[in-house]
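Analysis of the macromolecular model
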Number of protein chains: 2
Amino acid sequence: MMRYFLTLAYRGAPFHGWQVQPGQVTVQGRLEEVLSVLVRQPVAVTGAGRTDAGVNARRMVAHIDMPDDYALKPNMLLRSANSMLGPDIAIYDIQPVAFDAHARFDATEREYRYFVTTRKNPFAMGMAWPAPPSLDFEAMNRAAALMLGIRDFTSFSKLHTDVKTNICDLRRAAWHPCPEREGMWYFEIAADRFLRNMVRAVVGTLVDVGRGKIPPQDVLRILDCKNRCSAGTSMPAEALFLWDVKY
Amino acid sequence: MMRYFLTLAYRGAPFHGWQVQPGQVTVQGRLEEVLSVLVRQPVAVTGAGRTDAGVNARRMVAHIDMPDDYALKPNMLLRSANSMLGPDIAIYDIQPVAFDAHARFDATEREYRYFVTTRKNPFAMGMAWPAPPSLDFEAMNRAAALMLGIRDFTSFSKLHTDVKTNICDLRRAAWHPCPEREGMWYFEIAADRFLRNMVRAVVGTLVDVGRGKIPPQDVLRILDCKNRCSAGTSMPAEALFLWDVKY
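Residues numbered from 1 in each chain as written. Chains lettered and ligands numbered in written order. Predicted model: local features only at pLDDT ≥ 70, side-chain atom pairs only at ≥ 80, totals over all residues. Heavy atoms only, no water.

What to know about the pattern of salt bridges
All names here are of chain A.
- Counted under the stated rule, the structure contains 34 salt bridges over all chains.
- The partner of Arg11 in a salt bridge is Asp88, with the nearest N and O atoms 3.2 Å apart. Of this pair, Arg11 sits in the loop between β1 (2-10) and α1 (27-39) while Asp88 sits in the loop between α2 (74-85) and β4 (89-97); the two residues are 77 residues apart in sequence, bridging distant segments of the chain. Each member of the pair, Arg11 as well as Asp88, is classed as buried.
- Residues joined in a network through salt bridges with shared partners are Glu109, Glu111, Arg113, Asp169, Arg171, Arg172, Glu188 and Lys246. (Salt bridge = Lys/Arg side-chain N within 4 Å of Asp/Glu carboxyl O. Helix = DSSP H or I, 4+ residues; strand = E, 2+ residues; numbered from the N terminus. Buried < 20%, exposed > 50% of the residue type's maximum accessible area, 1.4 Å probe, protein only.)

Following this line, the structure appears as structure tokens:
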């Protein structure tokens with residue numbers, strides 16, 4: 001068998017998240033379906049992570065194994081897979097890698113972006129959260145900066161998940177205005193790993209700061225609680241993008 | 001009566017173009033409907049131009065007249081109109097202007113942008129034309145530069161239109177890569193005025209150049225023909241944006 005890394009993008013709205021689930025249309029499920037037809041044997045797709053229902057990916061990485069004697073060249077497979085996948089998933093690249101390279105375990109950094117718009121925008125169409133115009137981005141950035149570093153993010157994760165530790169190394173967390181898009185902002189957040197629901201809970205808490213409901217330094221108190229209930233509400237999935245994965 | 005300039009944006013897909021037409025949902029029709037309800041008397045909306053069915057507007061300007069004693073302040077009207085208009089039209093601004101200011105006759109320049117994507121993009125979703133990856137943008141830019149200046153654009157207009165002259169002053173016409181969006185390009189075109197269907201016919205002709213079907217200098221021959229049949233096919237409306245109007 002030969003191992004390949006796939007680089008891909010997908011819209012979140014049409015899918016019930018990344019991970020295969022019986023009776024649901026998922027990104028992993030669609031990829032495995034299409035690739036198995038093309039390769040003529042079952043193909044398992046391992047992603048760098050699992051995005052929740054509705055979450056978009058601008059750049060996701062996954063690996064697959066294919067038989068050595070597999071006749072189609074990767075570029076042929078790319079073209080055929082893209083035409084079979086429909087408009088909502090695009091594979092950009094299929095590259096051979098070492099047999100033990102792993103899309104999930106070898107990833108050293110994930111970056112997500114969360115988009116908000118402070119004015120009505122007919123082209124944001126469910127891709128940006130409609131934020132109140134008075135949101136205080138300067139206060140939100142002060143709060144975000146306090147969260148940087150190696151910390152326990154239990155307060156920002158879904159309860160009862162099966163991971164062994166809730167410690168993440170948060171490397172970047174800041175709001176930026178979108179260039180040339182009046183009223184649009186995005187939150188860039190990068191870490192070695194993310195817990196389930198973490199980005200949307202962090203953004204929800206920062207929005208509480210931006211609305212003046214809590215002071216910026218409260219995020220430290222919330223982190224210390226190690227209790228999901230103390231953080232802000234989770235934000236809608238549609239405005240969240242897995243932006244990049246680094247190896 | 002007081003005259004006001006409206007700045008607005010709209011998605012093209014849900015509408016049968018700008019101009020009111022019996023039995024069709026149009027942008028002008030929706031605006032007149034909503035504003036007439038709010039102002040409690042018929043309000044006529046005059047746009048800087050008429051976009052065809054499916055064409056988007058990032059920034060359109062229009063004028064309306066409202067009675068002097070009209071009770072709602074422009075900012076109140078803005079908020080109420082935006083909530084009644086639904087997600088596909090956004091009014092950004094309502095400003096009082098001189099009684100004889102005219103959204104159409106006083107406009108000195110219109111700019112359109114046409115978007116294409118040379119790779120599959122789940123987020124372009126009918127907002128960018130899927131172009132062949134081999135399109136020669138350098139040749140297209142040479143052809144576009146030849147069209148600049150004050151010229152007769154009959155070859156690029158719909159036949160049998162009711163305008164008196166087909167002469168336009170083409171001031172900018174060039175393809176640019178979209179920053180940070182791999183594979184996406186846009187064609188920027190600005191003139192004092194545009195004829196019906198002109199941008200989409202110009203883009204169609206340039207795409208013929210980019211595909212190597214005609215040499216760049218052929219655009220001069222096509223202009224000289226003054227005959228619509230000599231230009232390339234008109235491109236789909238969904239990737240075209242009225243980008244700006246200047247006064």
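Back to the write-up after that little detour.
Thoughts on the packing of α1(A) against α2(A)
Residue and element names in this part refer to chain A.
- One way to put it is that α1 packs onto α2 with a least axis distance of 10 Å and a crossing angle of 130°. Considering their axes alone, α1 and α2 lie oblique with respect to each other. Handedness of the crossing formed by α1 with α2: right-handed. From α1, Arg30, Leu31, Val34, Leu35, Val37, Leu38 and Val39 reach across to α2, where they touch Leu77, Ser80, Ala81, Met84 and Leu85.
- Here the residues of the contact of α1 with α2 sort into 10 nonpolar, one polar and one charged. (Axes fitted to C-alpha atoms, helices over the stretch in contact; angles between N-to-C directions. Parallel < 35°, antiparallel > 145°, perpendicular 65-115°, else oblique. Left-handed = near helix turned anticlockwise from the far one by under 90°. Contact = heavy atoms within 4.5 Å. Nonpolar A, V, L, I, M, F, W, Y, C, P; charged D, E, K, R; others polar.)

So, helix α4 (residues 198-210) of chain A
Residue and element names in this part refer to chain A.
- Over its 13 residues, α4 runs 18 Å from end to end, which matches the ideal 18 Å to within 8%, given 1.5 Å per residue.
- Of all the 13 residues making up α4, 13 are buried; the element is thus mostly covered by neighbouring parts of the structure.
- Immediately downstream of α4, the backbone of Gly212 shows phi near 80°, a positive value. (Expected span 1.5 Å × (residues − 1).)

A closer look at the relation of the copies chain A and chain B
- Take chain A, turn it by 180°, move it 0.0 Å along the axis, and it overlays chain B with an RMSD of 0.0 Å. Both copies are brought into coincidence by an operation consistent with a two-fold rotation axis. Ranked by how close their C-alpha atoms come to the rotation axis, the residues of chain A are headed by A:Pro179, at 4.8 Å.
- Both copies present the same face, since 100% of the interface residues in chain A are matched by interface residues at the equivalent positions in chain B. (Least-squares fit on C-alpha atoms with pLDDT ≥ 70 in both.)

As for the interface of chain A and chain B
- With 25 residues of chain A at the interface, the matching set in chain B holds 25 residues.
- At the boundary of chain A with chain B, total buried surface from both sides reaches about 1800 Å², with 64% on carbon and sulfur atoms.
- Interface area lost by chain A to chain B is led by A:Lys120, A:Pro122 and A:Phe123, which between them contribute 38%.
- Summed over the shared surface of chain A and chain B, the result is zero salt bridges.
- Summed over the shared surface of chain A and chain B, the number is six residue pairs in polar contact (both at pLDDT 80 or more).
- Going through the elements one at a time, β1, β3 (56-66), α2 and β4 of chain A are the ones with two or more residues in the side of chain A that touches chain B. (Buried area = accessible area lost by both parts, 1.4 Å probe. Polar contact = N/O pair within 3.5 Å; in protein donor to acceptor, adjacent residues only side chain to side chain.)

Quick word on the environment of B:Gly49
Residue and element names in this part refer to chain B.
- With respect to the helices and strands, the residue Gly49 is situated in the loop between β2 (46-47) and β3 (56-66).
- In this structure Gly49 comes out as partly exposed when scored by relative accessible area, which is 24%.
- Spatially, the C-alpha atoms of Gly49 and Glu32 are 16 Å apart, while their sequence positions differ by 17 residues.

Topic: the packing of aromatic side chains
- This structure, assessed with the given rule, holds 24 aromatic pairs over all chains.
- Over the ring of A:Tyr92 we find B:Arg119; its NZ or CZ atom is 3.5 Å from the centre of that ring. (Phe/Tyr/Trp six-rings, centres within 6.5 Å; stacked < 30°, edge-to-face > 60°. Lys NZ or Arg CZ within 6 Å of the ring centre and 35° of its normal.)

What to know about the side chain of B:Arg110
Residue and element names in this part refer to chain B.
- Of note, Arg110 is situated in strand β5 (residues 109-117).
- No salt bridge is formed by the buried Arg110; the nearest opposite charge belongs to Asp192, separated by 7.2 Å.
- Reaching out from Arg110, the side chain makes a polar contact with the backbone oxygen of Arg104 at a distance of 3.1 Å.
- There is a polar contact of 3.1 Å between the side chain of Arg110 and the backbone oxygen of Asp192.
- Excluding its chain neighbours within four sequence positions, the residues that come into contact with Arg110 are Ala48, Arg104, Ile189, Ala190, Ala191, Asp192, Arg193, Phe194 and Asp244. (Lys, Arg positive; Asp, Glu negative; His and termini not counted.)

Digging into the state of the cysteines
- What the rule picks out here adds up to zero disulfides over all chains.
- With no disulfide of its own, B:Cys168 lies 17 Å from the sulfur of B:Cys225, the closest cysteine sulfur. (Disulfide = S-S within 2.5 Å.)

Concerning the pairing of strand β10 (residues 240-246) of chain A
Residues and elements named next belong to chain A.
- Counting buried residues in β10 gives six out of seven residues, a clear majority hidden from the surface.
- Strand direction decides the pairing type here: β3 and β10, joined by two bridges, are parallel. Each residue of the ladder has a partner; that of Ala57, found in β10, is Leu242.
- Of the strand pairs in this sheet, strand β5 (residues 109-117) and β10 are connected by six bridges, and their pairing is antiparallel. The residue of β10 that forms the bridge with Glu109 is Lys246. (Pairing = 2+ DSSP bridges.)

That is the geometry; function is a separate question.
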